[in-house]
Amino acid sequence: MNPFLPPRGLLLALALLPLFGSCGGSTPDGPRVVVLGIDGLDPVMLAERIERGLCPNLGKLVAEGTFSPLGTSWPPQSPVAWSNFITGANPGRHGLFDFVHPNRADYGVQNSMSTTEEVGLELSLFGYRIPLTGGDQVTTRDFPAFWDVMADAGVPVTVCRIPAAFPLEEVSDAVVFPDMGTPDLTGAAAGKATLWTESRTAVRKDGESTRTRPIELDRSRMKDGKGTAKVNIALRGPDDALLDLRDLEDELEAAENAGGMATILRLRSRMARERQVIQPAVLWLDRTGPEPILAVEISDQFALAGPGEWTDWIAVEFPMLGGMMNLTGWTRFLFSGVEPFEVYAAPIQIDPWNPAMQVSSPEEASAELADAIGPYYTQGFPDAYKAYKVGLLDTPGFVSQSDTVMEERGAMLDWALDGLDQDGGVLFFYVGSLDMRCHMLWFAQDEEHPHKEAGALENHDHEIDRIYAQVDAMVGGLVGRLRPDDSFIIISEHGFAPFRRKMHVNDWLVEKGWLVLKDGENSGNIHVPGTLEDGSPDPDSGIIDWSRSKAWCVGFNGIHLNRAGREGLGVVTDAESEALLAEISAALLELLDADGTPVFHAVERATTVYSGPHVGDAPDLQLGFARGYGASDECAVGGITGEGVLVDNDSRWSGSHLMAPEVVPGVLLLRRPRDISPDPALEDVTATLYKMVGVTPPEGMDGRPLFGNGQKTGNPE
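What counts, and where the lines are drawn
Residues numbered from 1 in each chain as written. Predicted model: local features only at pLDDT ≥ 70, side-chain atom pairs only at ≥ 80, totals over all residues. Heavy atoms only, no water. Helix = DSSP H or I, 4+ residues; strand = E, 2+ residues; numbered from the N terminus. Contact = heavy atoms within 4.5 Å. Areas by Shrake-Rupley, 256 points an atom, 1.4 Å probe, with all protein chains shown as cover. Patch = residues over 30% accessible without salt bridge, like charges linked within 9 Å, V, L, I, M, F, W, Y side chains within 5 Å. Salt bridge = Lys/Arg side-chain N within 4 Å of Asp/Glu carboxyl O. Lys, Arg positive; Asp, Glu negative; His and termini not counted. Charge placed at Lys NZ, Arg CZ, Asp CG, Glu CD. Pairing = 2+ DSSP bridges. Axes fitted to C-alpha atoms, helices over the stretch in contact; angles between N-to-C directions. Core = buried A, V, L, I, M, F, W, Y, C linked by side-chain atoms within 4.5 Å. Buried < 20%, exposed > 50% of the residue type's maximum accessible area, 1.4 Å probe, protein only. Phe/Tyr/Trp six-rings, centres within 6.5 Å; stacked < 30°, edge-to-face > 60°. Parallel < 35°, antiparallel > 145°, perpendicular 65-115°, else oblique. Nonpolar A, V, L, I, M, F, W, Y, C, P; charged D, E, K, R; others polar. Arc of directions from axis to C-beta.

Caption draft 1: Quick peek at the overall build of the chain. Across its full length, the chain holds 19 helices and 32 strands. A separation of at least 24 residues holds for 69% of the contacts in the chain among residues at least 6 apart in sequence. Taken as a whole, the chain presents about 28300 Å² of accessible surface, with 50% of it coming from carbon and sulfur.

Caption draft 2: Here's a closer look at a negative patch on the surface. A surface patch of like charges, here negative, comprises Asp247, Asp250, Glu251 and Glu253. Inspection of the secondary structure assignment puts Glu251 in helix H7 (residues 246-258).

Caption draft 3: Fine view of the sheet that holds strand E20 (residues 342-345). Within the open sheet, the four strands sit side by side as E12-E11-E20-E19. Their pairing is mixed. Each having just a single partner strand, strand E12 (210-214) and strand E19 (333-337) make up the two edges of the open sheet. Ignoring which end each strand starts from, the neighbouring axes of this sheet average 20 degrees apart.

Caption draft 4: Quick look at the sheet that holds strand E18 (residues 325-331). Pairing within the open sheet is antiparallel, and its three strands lie in the order E17-E18-E21. Strands at the two margins of the open sheet, each flanked by one partner only, are strand E17 (314-320) and strand E21 (349-350).

Caption draft 5: Looking closely at a nonpolar patch on the surface. Together, Ile293, Phe302 and Leu304 make up a nonpolar patch on the protein surface, roughly 310 Å² of accessible area in all. For Leu304, the position within the fold is in strand E16 (residues 301-305).

Caption draft 6: Seen up close, unusual backbone geometry. Residue Pro75 follows Trp74 across a cis peptide bond; omega there is -10 degrees. As for its placement among the helices and strands, Pro75 is situated in the loop between strand E2 (66-70) and helix H4 (78-87). For the bond from Ser361 to Pro362, the omega torsion is 0 degrees, close enough to zero to count as cis. Along the polypeptide, Pro362 turns up in the loop between E21 and helix H9 (365-373). In this structure, Arg161 is a non-glycine residue whose phi angle is positive, near 65 degrees. Tracing the sequence through the fold places Arg161 in strand E9 (residues 157-162).

Caption draft 7: Seen up close, the nonpolar core. Ranked by internal contacts, the top residues of the largest apolar core, which has 59 residues, are Phe85, Phe146, Trp147, Met150, Val157, Phe428 and Ile491. Considering every element that reaches this core, the biggest residue donor is helix H19 (residues 682-693), with seven residues. Filtering out sequence-adjacent residues up to four positions away, Ile491 remains in contact with Val35, Leu36, Gly37, Ile38, Leu70, Trp82, Phe85, Val667, Leu668, Leu682 and Val685. Residues Ile543, Trp552, Val572 and Val664 belong to the second largest nonpolar core, which totals 46 residues.

Caption draft 8: Focus on the pattern of salt bridges. Summed over the entire model, instances satisfying the criterion amount to 37 salt bridges. The closest approach of N and O atoms between Arg466 and Glu463, which form a salt bridge, is 3.1 Å. Here Arg466 and its partner Glu463 are both found in helix H14 (residues 463-481), three residues apart, which amounts to about one turn of the helix. The exposure class assigned to Glu463 is buried, which follows from its relative accessible area of 6%. Within this structure, Arg32, Asp414, Asp418, Asp421, Arg481 and Asp486 form a network of salt bridges that share partners.

Caption draft 9: Here's a closer look at the packing of aromatic side chains. Tallied over the entire structure, the rule returns 22 aromatic pairs. Measuring from centroid to centroid gives 5.1 Å for Phe97 and Tyr610, while their planes differ by 65 degrees, and the two rings are edge-to-face. Within this pair, whereas Phe97 is found in the loop between helix H5 (91-94) and strand E3 (100-103), its partner Tyr610 is found in the loop between helix H17 (606-609) and strand E28 (621-625), the two being separated by 513 residues in sequence. Consider the rings of Trp442 and Phe496, whose centres lie 6.4 Å apart with planes at 20 degrees: the pair is stacked. Linking Trp442 in the loop between helix H12 (433-441) and helix H13 (456-459) with Phe496 in the loop between strand E23 (487-492) and strand E24 (497-503), this pair joins segments that are 54 residues apart in sequence.

Caption draft 10: A look at the packing of helix H11 (residues 395-423) against H12. Contact pair H11 / H12: the axes reach a minimum separation of 10 Å and the direction vectors enclose 170 degrees. Judged by the angle between their axes, H11 and H12 are roughly antiparallel. Across the interface between the two elements, Thr395, Phe398, Val399, Ser402, Asp403, Val405 and Met406 of H11 pack against Ser433, Met436, Arg437, Met440 and Leu441 of H12. Of the residues in the contact of H11 with H12, the class split is seven nonpolar, three polar and two charged.

Caption draft 11: Expanded view of the pairing of strand E13 (residues 228-236). Alternating positions in E13 separate cleanly, Ala229, Val231, Ile233 and Leu235 being buried on one face and Thr228, Lys230, Asn232, Ala234 and Arg236 remaining unburied on the opposite face. The sheet contact formed by E13 and strand E14 (residues 278-286) spans nine bridges and is antiparallel. By the bridge assignment, Asn232 is partnered in E14 with Val282.

Caption draft 12: Representation of H9. Turning to H9, its buried residues number three or more, namely Ala365, Ser366, Ala367, Leu369 and Ala370. With its phi angle positive at about 90 degrees, Gly374 sits one or two positions after the end of H9.

Caption draft 13: Spatial organisation of the pairing of strand E4 (residues 108-111). Pairing geometry for E3 and E4, over four bridges, is antiparallel. Residue pairing for E4: His101 is matched across the bridge by Gln110.

Caption draft 14: Region of the structure containing the packing of helix H3 (residues 56-64) against H14. Contact geometry of H3 with H14 gives a least axis separation of 7 Å together with a crossing angle of 60 degrees. Contact with H3, carried on its side by Pro56, Asn57, Leu58 and Leu61, involves Asp472, Ala473, Val475, Gly476 and Val479 of H14 and no other residues of that element. Residues that form the contact of H3 with H14 fall into these classes: six nonpolar, two polar and one charged.

Caption draft 15: Structural context of H3. Taken together, the buried positions of H3 are occupied by Leu58, Gly59 and Leu61. The arc that holds every buried residue of H3, seen down its axis, measures 160 degrees, which confines them to one face. The exposed residues of H3 that point more than 90 degrees off its buried face are Pro56, Lys60 and Ala63. Where H3 is buried, its residues contact helix H2 (43-51), E2, H14, E23 and strand E32 (666-670).

Caption draft 16: Seen up close, the environment of Pro698. If you trace the backbone, Pro698 turns up in the segment after H19. Pro698 gets classed as buried once you look at its relative accessible area, which sits at 14%. If sequence neighbours within four positions are ignored, Pro698 has contacts with Phe143, Pro144, Val149 and Tyr690.

Caption draft 17: Geometry of the environment of Ala660. Assignment of secondary structure puts Ala660 in the loop between strand E31 (655-656) and E32. Given a relative accessible area of 0%, Ala660 falls into the buried group. Separated by 37 residues in sequence, Ala660 and Leu623 have C-alpha atoms that sit 7.2 Å apart. Setting aside chain neighbours within four positions, we find Ala660 in contact with Pro76, His601, Gly624 and Phe625.

The following block contains the structure:
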């Protein structure tokens, strides 16, 4: 995704016409309801840490209130589970089933949370192609969000940082800040970080979310190790995607048709250079004092840090449209190494005062928050898990970055509570750092995990305890600001478990004969088939023989049948499907690891776990892995690895929740004791919120209130 693709944002920026939305009416005397969403809070792990005295504030709530496991979604993935809460409905109604969805027409992969409309009319101007219609990014969620319905009914609602809410819908009168799915300024969904390093052994780690750049300091001003040294660098901004390169595109198409690989690579490289936009900067190493100091110089600004420390936020600016406009963002730097010299830059954040893409609703709310707390992470999931996963950050660097996110969230929570004091209504606040640290640091407290790092079990085995304690402190501060009659609910959308063994699902399907390679092809990565002139998939491209393939996997928890009339080259008829699903399900449930451990806790049909108009869009089989097991990263993109079916998960991404829902339930914690309905689920929390504020929920919602016929106010949770 590129920030210049949506014409609405571009035309508004060019015309200097800011939007001023409404925050809804104010009813400070009505019910006040606060919901704290703690991603990944596990009921068993929480109880154990309460018993050890690590979470006194949460412990008090458990002792005095209502504590229960909370049913998560099928599958227990964050975009799916939070969408269940957002809507009060199951995925068969709201339409999100995974982090990614397949393109059934061409067997490719697409974003599950948003789609981009096709560009219609274009204006050619000064060498640029400016879209006048179409090109907007829109949400795929197909059921009303609770904040829209409540705000329309006159209830003030503020939603701070909620996953699966980007792109924002413009109809809302609520104040909403999205989280997961919100990109950085370059359009990278998880942000794109950069490491500059003098290390001669550094491996380039260039990918969707990271880049590594070798540097060499100019030390000519240093003597006996004292003095200053510098290196010129360039911060990479978003591509100038509107640049008119149709001539080169025509050349590239001709080269692709002719099969001239050298020409193809040359043209692609030239097009990338033409669209590249940079911000020059200088990294200074100051060794004139007792301790080394990093100084980052950008334009006329400087940002400073000591070894292992972060600079303050610093503004960056990128000229776009041939200099007709400038795009601003914010970043910060970690002085991660002295000898060899290393500096890490956080992904460039969308400027909340002048956003290239809307990062709040109403649009001016992002600036109001920045006025109160300063620049902040606008991207979703700001904890630098991708950079840590590939090694741009070491463990102390990752933890320190995650700590800064928690500090920022604390300031944001204070701002949000100030708004609640003024307006009343409903406040939802989301915290994601506990989830990220459990994902990335499970191995450091798990002697049985196959991923090993020297000193991890001795030096970092307490990090998950630390984040539980940090969240507990946040809860204590929040409770201290509540009024006696305020309702307060804590929820998590899933729990956590170790992720020690991973399954290459497509390798298994190949082994079983349900996914068939073309004659002479070996395992590798599934290549998305090309398309014919009519837009249909080209059966001659790629390595899969779709004419003989009956099942395939894209995503982390599902298998799709290659259905005739649904997939582009589908062969499985409706008459065949039931027997085939039963055969695959039985084989999955019989699958054992080398030590005899079952790999799956449950395997379910989509028609069993979902209801609603989107059931036909779901994976036909839902894979409920057993504790300790999960799908490999390659599954997400339809990959075939050739490594075998089950292998060790030798990765920092060592904890997970992409298992059967029963294995990783979430948490429900109410401020006061209540008799609640059995087996509460995320959708029931949403229904309860509607009941608390006296608003009729949308027709077709699945959730049911947790307690109290006729309960119309938030008192006394």
